[in-house]
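Structure assessment
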Amino acid sequence: MNLTTPDSTHSGTPKTRAARAASKSPDNAAPAPAPGVASVTQLSAKLSEYLTPSELKKVKEAYRFSDEMHLGQVRKSGEPYISHPIAVAEICADWKLDAQAIMAALLHDVMEDQDVKKEELIERFGAPVATLVDGLSKLEKIEFQTLIEAQAENFRKMLLAMASDVRVILIKLADRLHNMRTLEHMTPAKKRRIAAETMEVYVPIAHRLGLNNIYRELQDLAFSHLYPMRYRTLSKAVKAARGNRREVVKKILESVKATLANAGMPAEVYGREKTLYGIYKKMRLKHLSFSQVLDVYGFRVVVDNFADCYVALGTLHGLYKPMPGKFKDYIAIRKLNGYQSLHTTLIGPYGTPVEFQIRTQEMHRTAESGVAAHWLYKSGESNLTELQQRTHSWLQSLLDIQQQTGDSAEFLEHVKVDLFPDSVYVFTPKSKIIALPRGATALDFAYTIHTGIGDHTVSVKINNEAAPLRTELRNGDIVEIVTDPNSRPSPTWLAFVRTGKARSAIRHHLRTINLNESVELGQELLAQALTTLNINPDLPQPTIEKLLNESSAKSMDDLYAEIGIGKRMAALVARHIFGLIDDDLGNLPSQHHLVPAELDPVTIYGSEGVSVQLAPCCLPIPGDQIIGQLRRDQGLVVHTSDCMPAKRLRMKEPDRWIAVQWGAELNRRFDCRIRLLINNEKGILARVAAEIGESDANITYVGMDEDEEHVMTQLRFTIQIKDRVHLAHLIRNLRRVAGVTRVERERA
């Protein structure tokens with residue numbers, strides 16, 4: 001197939017096309033060398049292997065249209081811009097993606113760079129291709145407050161498009177791979193930004209989809225641009241070691257091949273070098289020098305069938321001694337991304353640890369290409385392979401997270417935590433295997449089973465023993481969740497849950513269930529912030545309408561709620577309102593400009609619900625000097641003024657702190673921690689507990705630590721009291737108890 005001819009590459013008016021390309025090209029900022037001819041010979045050969053003539057004809061039309069749209073546009077390297085879509089299409093052709101995906105790869109930049117409308121693509125190439133291109137295109141003509149917000153919204157759009165059609169992310173990964181391969185022409189600052197973005201988002205996505213070849217290459221490319229000196233130094237060290245270890249590798253290869261042949265087992269055996277980033281990461285994590293990283297080389301054994309994997313494992317264990325604890329069976333329990341292999345580390349010649357991976361040909365194809373292995377896109381889910389169905393289920397979970405998420409940055413945050421490659425495998429009481437990210441807690445497990453179960457969780461049993469909800473799960477744990485219909489999520493859960501699904505569900509609940517409380521708090525905070533700027537909190541209707549239009553909030557209640565949960569800063573919203581009033585009135589008299597007024601503190605009654613929390617680090621009580629911190633999706637968190645953790649946080653985010661005060665009428669009790677040093681004698685605990693009860697305080701927790709000589713004991717109580725006066729009275733009474741040598745309030 002020949003996609004182009006010298007005389008028929010373009011159609012239309014060249015001058016118009018060149019002008020449009022020059023005006024839109026992101027890479028066309030400086031004069032570049034004269035464009036050469038972009039070759040499509042290699043792409044033609046690849047596509048001819050599996051596409052039909054009618055499909056090839058459609059691909060040819062997409063190529064011509066893309067070439068026409070990008071005419072006159074060049075890359076930083078000086079190459080014609082069309083060389084980039086061709087290279088992306090070639091990578092997709094290696095995966096044997098269908099004609100629609102190849103067409104979308106060739107057209108993936110025409111909407112973003114050349115103002116081609118989706119309607120035009122639908123008319124020319126059909127709705128599926130247009131939808132793919134739209135999912136790949138960045139958002140335009142939308143004003144974002146920050147670059148981070150814009151990037152987050154672009155990722156959100158791309159990931160949601162991926163949820164309905166996985167080809168979107170396959171093309172996007174191919175696009176990113178080619179851009180990373182040609183990144184040397186960018187400025188150093190742009191290199192680092194793109195490399196960091198690649199390492200943070202695209203590398204984990206490639207791993208999650210099982211695209212190991214791209215995963216490894218993207219990792220090394222990003223590493224080379226993030227830490228160029230480290231990359232070059234490590235590269236030289238690996239080349240030097242390659243020569244020194246050539247004899248060892250050769251000896252191991254020969255021994256393994258001969259041993260498997262003698263066992264009558266046909267197998268492919270070859271050595272593989274670890275990626276530079278893999279070596280670097282191991283050095284960083286384990287604090288090793290390069291000379292201490294012994295397993296720079298590994299070996300792969302590819303056999304014919306499932307049973308031969310285990311026979312080959314036994315044969316290798318007979319050849320070299322296995323290292324205890326270094327065997328992993330990813331065939332019986334495959335990884336989340338579908339990866340299957342037996343991993344074992346053996347003590348090779350000269351005492352060097354050597355890692356072996358044993359797998360079948362089919363497992364090998366899946367390990368290298370993941371969800372793209374033998375990809376021929378089908379619209380019906382019944383036609384998908386098991387791996388593609390499981391990937392499809394994960395992609396659908398993105399839609400659940402999106403429905404419960406407030407904004408793009410939060411959505412991206414939730415998705416990122418699910419992209420980390422390490423996994424832990426646990427069991428339900430009925431022996432169903434559940435895979436979770438490394439570090440996941442028992443509460444994450446509950447939300448993975450069902451959002452309703454997570455919301456109503458009250459306790460958990462791990463291996464038939466009661467455990468805290470924040471307990472990190474380990475491989476093989478049997479987890480049982482105990483629920484209560486009256487239980488509700490707590491804001492404190494956000495501090496320890498690990499999965500995106502759990503975080504988004506908890507935040508969604510806090511936003512919806514406690515909306516009224518958040519609205520009231522937000523209204524009070526905004527009124528106070530406006531008062532500081534000498535602005536009447538009763539805003540005129542035109543100002544309200546303009547504010548809602550520019551803030552993307554649907555109503556003032558929505559805006560108040562976002563302020564109340566800490567998502568927006570009241571002071572920043574007030575300053576924005578001041579600007580709107582300034583625009584409406586023109587040049588205001590000087591007394592109306594930004595003149596700070598005395599700000600009334602927010603009054604705390606202790607009964608506000610979850611929109612106001614008393615910080616667990618210092619447990620403030622009435623009578624303490626207090627200060628408030630606005631935390632994202634957790635509302636107002638109240639600390640004592642002398643709380644050390646609060647002081648550290650204030651240095652990092654001073655704008656998120658506001659003045660607060662206790663209300664006059666407080667009709668509840670407050671938790672407080674006290675610490676007692678007592679003589680280790682009979683009946684002392686009973687006397688202390690009795691005195692606390694007689695002082696009208698309630699014990700909610702007690703703990704103790706003995707010294708080595710068993711002479712003194714330290715008691716720690718969490719008690720419920722009214723205020724500082726009540727606490728002082730209690731401490732005086734406890735100091736009079738025989739055997740108590742010291743009593744003090746416990747601070748953070």
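First, a word on what this report is: a plain description of the structure on this page. (Residues numbered from 1 in each chain as written. Predicted model: local features only at pLDDT ≥ 70, side-chain atom pairs only at ≥ 80, totals over all residues. Heavy atoms only, no water.)

This part takes up the overall build of the protein chain. The number of helices and strands found in the protein chain is 29 helices and 19 strands. Residues classed as buried in the protein chain amount to 49% of the 748 residues present. Across the protein chain, every contact between residues at least 6 apart in sequence was considered, and the portion connecting residues at least 24 apart equals 69%. Just so you have it, the protein chain exposes about 36400 Å², and 52% of that area is on carbon and sulfur atoms. (Helix = DSSP H or I, 4+ residues; strand = E, 2+ residues; numbered from the N terminus. Buried < 20%, exposed > 50% of the residue type's maximum accessible area, 1.4 Å probe, protein only. Contact = heavy atoms within 4.5 Å. Areas by Shrake-Rupley, 256 points an atom, 1.4 Å probe, with all protein chains shown as cover.)

Let's shift gears to the packing of helix 3 (residues 53-69) against helix 5 (residues 99-107). Look at helix 3 against helix 5: their axes get within 9 Å of each other, and the N-to-C directions meet at 10°. Classified by the interaxial angle, the pair formed by helix 3 and helix 5 is roughly parallel. Contact residues: helix 3 offers Glu55, Lys58, Val59, Ala62, Tyr63, Phe65 and Ser66, while helix 5 offers Ala99, Ile102, Met103, Leu106 and Leu107. Looking at the contact of helix 3 with helix 5, its residues break down into nine nonpolar, one polar and two charged. (Axes fitted to C-alpha atoms, helices over the stretch in contact; angles between N-to-C directions. Parallel < 35°, antiparallel > 145°, perpendicular 65-115°, else oblique. Nonpolar A, V, L, I, M, F, W, Y, C, P; charged D, E, K, R; others polar.)

Packing of helix 8 (residues 127-136) against helix 10 (residues 167-181) brings their axes to within 9 Å, and their N-to-C directions diverge by 55°. The orientation of helix 8 relative to helix 10 falls into the category oblique. Our pair here, helix 8 against helix 10, has a crossing hand that is right-handed. Of the residues in helix 10, those in contact with Leu132, Gly135 and Leu136 of helix 8 are Arg167, Val168, Ile171 and Lys172. For the contact of helix 8 with helix 10, the residue count by class is four nonpolar, one polar and two charged. (Left-handed = near helix turned anticlockwise from the far one by under 90°.)

Pairing is possible between side chains that carry opposite charge, provided their charged atoms lie close to one another. Under the criterion given, the structure shown has 16 salt bridges. The partner of Arg675 in a salt bridge is Glu744, and the shortest N-O contact between them spans 2.8 Å. Here Arg675 is found in strand 16 (residues 670-679), whereas its partner Glu744 is found in strand 19 (residues 740-745), with 69 residues between them in sequence. (Salt bridge = Lys/Arg side-chain N within 4 Å of Asp/Glu carboxyl O.)

Taken in spatial order, the three strands line up as 9-8-10 in an open sheet, and their pairing is antiparallel. At either margin of the open sheet sits one strand with a lone partner, and together these are strand 9 (465-467) and strand 10 (479-483). When strand polarity is set aside, the average angle formed by the axes of neighbouring strands in this sheet is 35°. In this sheet, strand 9 lies alongside strand 8 (residues 457-462) in antiparallel orientation, the contact comprising three bridges. In the sheet register, Ile462 faces strand 9, and the bridge partner there is Glu465. (Pairing = 2+ DSSP bridges.)

With that settled, consider a positive patch on the surface. Where like charges cluster on the molecular surface, the positive patch consists of Lys286, Lys326, Lys328 and Arg438. Among the secondary structure elements, Lys286 is positioned in helix 15 (residues 276-286). (Patch = residues over 30% accessible without salt bridge, like charges linked within 9 Å, V, L, I, M, F, W, Y side chains within 5 Å. Lys, Arg positive; Asp, Glu negative; His and termini not counted. Charge placed at Lys NZ, Arg CZ, Asp CG, Glu CD.)

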